[in-house]
Number of protein chains: 2
Amino acid sequence: MFNEILQGIVQQSGGGIGAVLMGYDGIAIEEYSEPTEGIDLHMVAVEYANVLKEIKNTAEILDNGDMEEVSIKTDRFYVVIRVLTDDYFVALILDRAGNFGKGRYLLTKEAPRLIEALS
Amino acid sequence: MFNEILQGIVQQSGGGIGAVLMGYDGIAIEEYSEPTEGIDLHMVAVEYANVLKEIKNTAEILDNGDMEEVSIKTDRFYVVIRVLTDDYFVALILDRAGNFGKGRYLLTKEAPRLIEALS
């Protein structure tokens, strides 16, 4: 169920490398990845879970509203993270040649299905 | 010089609230903001400087390449952060009704001018 949704997101977004459904505690529920050299998808997600927790706290301290999405662009990858519930998020990793806008769109579109499947 | 560039970015991006040129140490070089209720631009930038430092470290640990840009979407604001040098970044805060894509474009476009002015 989760795997099929994650696979759809990765394969439909141009340049998708992988997607992970994960808790803020860094424990993954499900992950799907295309065979890619030079990136450990799971480790990326675990590390960003910590960052995300920090951003969430920052947004709360500042009363900036609830965090919905975080995107990080490096000179090698795009990482798009979408908050699902208070406990879980989904992260998509794209190649720099990938379609960042489409990746964001797919995460937004599939978020309700993932939330439903989580509950 | 800095102020004029920041003002241009804020005013040309639809829904721009403010922009800050800041060091990772949380000390601002320059900031420009439109009069807006309910947001302390300076405090937002200081808090995100910490988050950014964490993301930078994470990207380095993971050998994910150099961080270039981070965007955060809450249910009230967009925050777009563009890395300029090893020490400085520029952050743009937009209204949720604002033009996120144009904000990102303007930061990318003006980054070389800011880097030049910093050196």
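Residues numbered from 1 in each chain as written. Chains lettered and ligands numbered in written order. Predicted model: local features only at pLDDT ≥ 70, side-chain atom pairs only at ≥ 80, totals over all residues. Heavy atoms only, no water.

A. Region of the structure containing the interface of chain B and chain A. Each partner contributes residues to the interface: chain B has 31 residues there, and chain A has 31 residues. For the chain B and chain A pair, buried surface summed over both sides reaches about 2,800 Å², with 53% attributable to carbon and sulfur atoms. On the surface where chain B and chain A come into contact, there are four salt bridges. Linking B:Arg96 and A:Glu68 is a salt bridge whose minimum nitrogen-to-oxygen distance equals 2.9 Å. The tally of links from chain B across to chain A stands at nine residue pairs in polar contact (both at pLDDT 80 or more). Top element by residues in the side of chain B that touches chain A is helix 2 (residues 41–61) of chain B. It accounts for 10 residues. Classifying every residue of the side of chain B that touches chain A by side-chain character gives 14 nonpolar, five polar and 12 charged. Bridging between strand 3 (residues 67–74) of chain A and strand 3 (residues 67–74) of chain B involves seven bridges; their strand directions are antiparallel. Across the sheet, residue A:Ser71 finds its bridge partner in strand 3 of chain B, namely B:Ser71. (Contact = heavy atoms within 4.5 Å. Buried area = accessible area lost by both parts, 1.4 Å probe. Salt bridge = Lys/Arg side-chain N within 4 Å of Asp/Glu carboxyl O. Polar contact = N/O pair within 3.5 Å; in protein donor to acceptor, adjacent residues only side chain to side chain. Helix = DSSP H or I, 4+ residues; strand = E, 2+ residues; numbered from the N terminus. Nonpolar A, V, L, I, M, F, W, Y, C, P; charged D, E, K, R; others polar. Pairing = 2+ DSSP bridges.)

Function cannot be inferred from these measures alone, as they are strictly geometric.
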